[in-house]
Amino acid sequence: RLKVETRGVLRWNAYLWYEAQRRNKDGDGANPLKAHELAASLKEKWNAMTYEEKVTLTDPLLEDLQKHREATSHGQRNVPLESFSDARQSLLQMTNYMMALNARTGTEMIIIASRTSSDSYLHPFATYTSPRALEFTFHQFKLTLSDLAS
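Sorry if this is basic, but what is going on with the overall build of the protein here?
From N to C terminus, the protein includes six helices and two strands. Going residue by residue from the N terminus, the α and β elements of the protein occur as α-α-α-α-β-β-α-α. Across the 150 residues in the protein, those meeting the buried criterion constitute 21%. Taking the intrachain contacts of the protein between residues at least 6 apart in sequence as the baseline, contacts between residues at least 24 apart amount to 50%. Surface accessibility of the protein: about 11,400 Å² in total, with carbon and sulfur atoms responsible for 54%.

Following this line, the structure appears as C-alpha cells:
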C-alpha cells in the first residue's frame, strides 16, 4: 500500500490541459476554465485528428504536464491557508487509513503533527487508534499526547 503506482500522462489529458491554459491566458481571468469543463467540446476535434497530428501536438506537452503534476503533489505551499488546507486534508486521510488498518489488523498507531513555524495555521495534531496507544505514549515520554505534539 505504501508504493502508489501512477499511470503516465495521457495525450488526451495533455491536450485538455494545454487548451485550458491557452483559453485561460486569452480570457479575463475572472472565471478560469478547468480542463474537465472543456472535455465535451474538445472531444470531437480530438477524435477528428489523426494519430500523427495528436503526437505532433502533444509530444512537447507531456513533459510539461508531468512536471506540473509533480509540482502540484510535492511542491512547497507558499500561501499559509493553502498549506493549512493541504495539511488538514492529508492528516484526515492518514487518520482514516490508520483507523482502517487498525480495524483490519489490530495494529496500534499514533500520528503526531506539529507546526513548522509559530505563524502556521495548523495547530499541533495528534490522534491514536485506542487508549492502549495513548497509555504507551504517556508511559514512554511522561507526557500526554497533546503535550508531546505541542
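Following the structure, the description resumes.
Even after reading the chapter, I still don't get the pattern of salt bridges, so can you show me in this structure?
The full count for this structure, using the stated rule, is two salt bridges. Note that Asp59 and Arg11 form a salt bridge whose closest N and O atoms lie 3.0 Å from each other. Taken together, the positions of Asp59 in helix α3 (residues 51–74) and Arg11 in helix α1 (residues 11–26) put the pair 48 residues apart, joining distant regions of the chain. With relative accessibility at 23%, the residue Arg11 sits in the partly exposed group.

Where do I start with the confidence of the model for the protein in this structure?
The predicted coordinates of low-pLDDT regions are not to be read in fine detail. On average, residues of the protein score 79 in pLDDT, and 83% of them reach the 70 mark or higher. Confidence, expressed as mean pLDDT per element, reaches its minimum in the protein at α3 with 77 and its maximum at strand β1 (residues 110–113) with 90.

Please clarify how the nonpolar core should be interpreted in this entry.
Here is a general trend for soluble globular proteins: nonpolar side chains tend to be buried in one another's company. Among the nonpolar cores identified, the biggest contains seven residues, and these are Tyr15, Leu16, Ala20, Leu38, Leu42, Trp46 and Met49. For this core, the secondary-structure elements that each account for two or more residues are α1 and α2 (35–48). Sequence-distant contacts of Leu38, defined by excluding residues within four places in its chain, comprise Leu16, Glu19, Ala20, Arg23 and Leu33.

How do you make sense of α2 when you look at a structure like this?
Each turn of an α-helix holds 3.6 residues, which means side chains three or four residues apart point in the same direction. When the terminal C-alpha atoms of α2 are compared, their 19 Å separation across 14 residues agrees well with the 20 Å that a helix rising 1.5 Å per residue should span. Taking the largest bend as the criterion, α2 deviates by roughly 55°, centred on Ser41. Of all the positions in α2, only Leu38, Leu42 and Trp46 are classed as buried.

In this structure, what is going on with the pairing of β1? I would like to understand it.
For a regular strand, side-chain orientation follows a simple rule: the groups alternate between the two sheet faces. On β1, burial follows the alternation: Ile111 and Ala113 on one face are buried, whereas Ile110 and Ile112 on the facing-out side are not. The sheet contact formed by β1 and strand β2 (residues 125–128) spans four bridges and is antiparallel. Counted as the bridge partner of Ile111 is Thr127 from β2.

Help me out: how do you make sense of the packing of α1 against α2 in this one?
The axes of two packed helices give the description: the angle between them and the distance between them. As a packed pair, α1 and α2 sit with axes 9 Å apart at the nearest point and diverge in direction by 115°. Judged by the inter-axis angle, α1 sits roughly perpendicular to α2. For the element pair α1 and α2, the recorded crossing hand is right-handed. Mapping the contact onto sequence places Arg11, Trp12, Tyr15, Leu16, Trp17, Glu19, Ala20 and Arg23 in α1 and Ala35, Leu38, Ala39, Ser41, Leu42, Lys43, Lys45 and Trp46 in α2. Residue classes in the contact of α1 with α2 are distributed as 10 nonpolar, one polar and five charged.

Whenever I open this one, the packing of aromatic side chains confuses me. Can you help?
Centre distance and the angle of the planes are the two values used to describe a pair of aromatic rings. Applying the stated criterion across every chain, the model contains three aromatic pairs. Taken together, the aromatic side chains of Trp12, Tyr15 and Trp46 make up a single cluster linked through ring pairs.

Could you clarify how one ought to interpret the environment of Leu122 in this entry?
Relative to the helices and strands, Leu122 resides in the loop between β1 and β2. Sequence-distant contacts of Leu122, defined by excluding residues within four places in its chain, comprise Phe84, Ala87, Leu91 and Arg115.

Procedures and definitions
- Residues numbered from 1 in each chain as written.
- Predicted model: local features only at pLDDT ≥ 70, side-chain atom pairs only at ≥ 80, totals over all residues.
- Heavy atoms only, no water.
- Helix = DSSP H or I, 4+ residues; strand = E, 2+ residues; numbered from the N terminus.
- Buried < 20%, exposed > 50% of the residue type's maximum accessible area, 1.4 Å probe, protein only.
- Contact = heavy atoms within 4.5 Å.
- Areas by Shrake-Rupley, 256 points an atom, 1.4 Å probe, with all protein chains shown as cover.
- Salt bridge = Lys/Arg side-chain N within 4 Å of Asp/Glu carboxyl O.
- pLDDT = per-residue confidence, 0-100.
- Core = buried A, V, L, I, M, F, W, Y, C linked by side-chain atoms within 4.5 Å.
- Expected span 1.5 Å × (residues − 1).
- Bend = angle between axes of the 7 residues up to and from the residue.
- Pairing = 2+ DSSP bridges.
- Axes fitted to C-alpha atoms, helices over the stretch in contact; angles between N-to-C directions.
- Parallel < 35°, antiparallel > 145°, perpendicular 65-115°, else oblique.
- Left-handed = near helix turned anticlockwise from the far one by under 90°.
- Nonpolar A, V, L, I, M, F, W, Y, C, P; charged D, E, K, R; others polar.
- Phe/Tyr/Trp six-rings, centres within 6.5 Å; stacked < 30°, edge-to-face > 60°.

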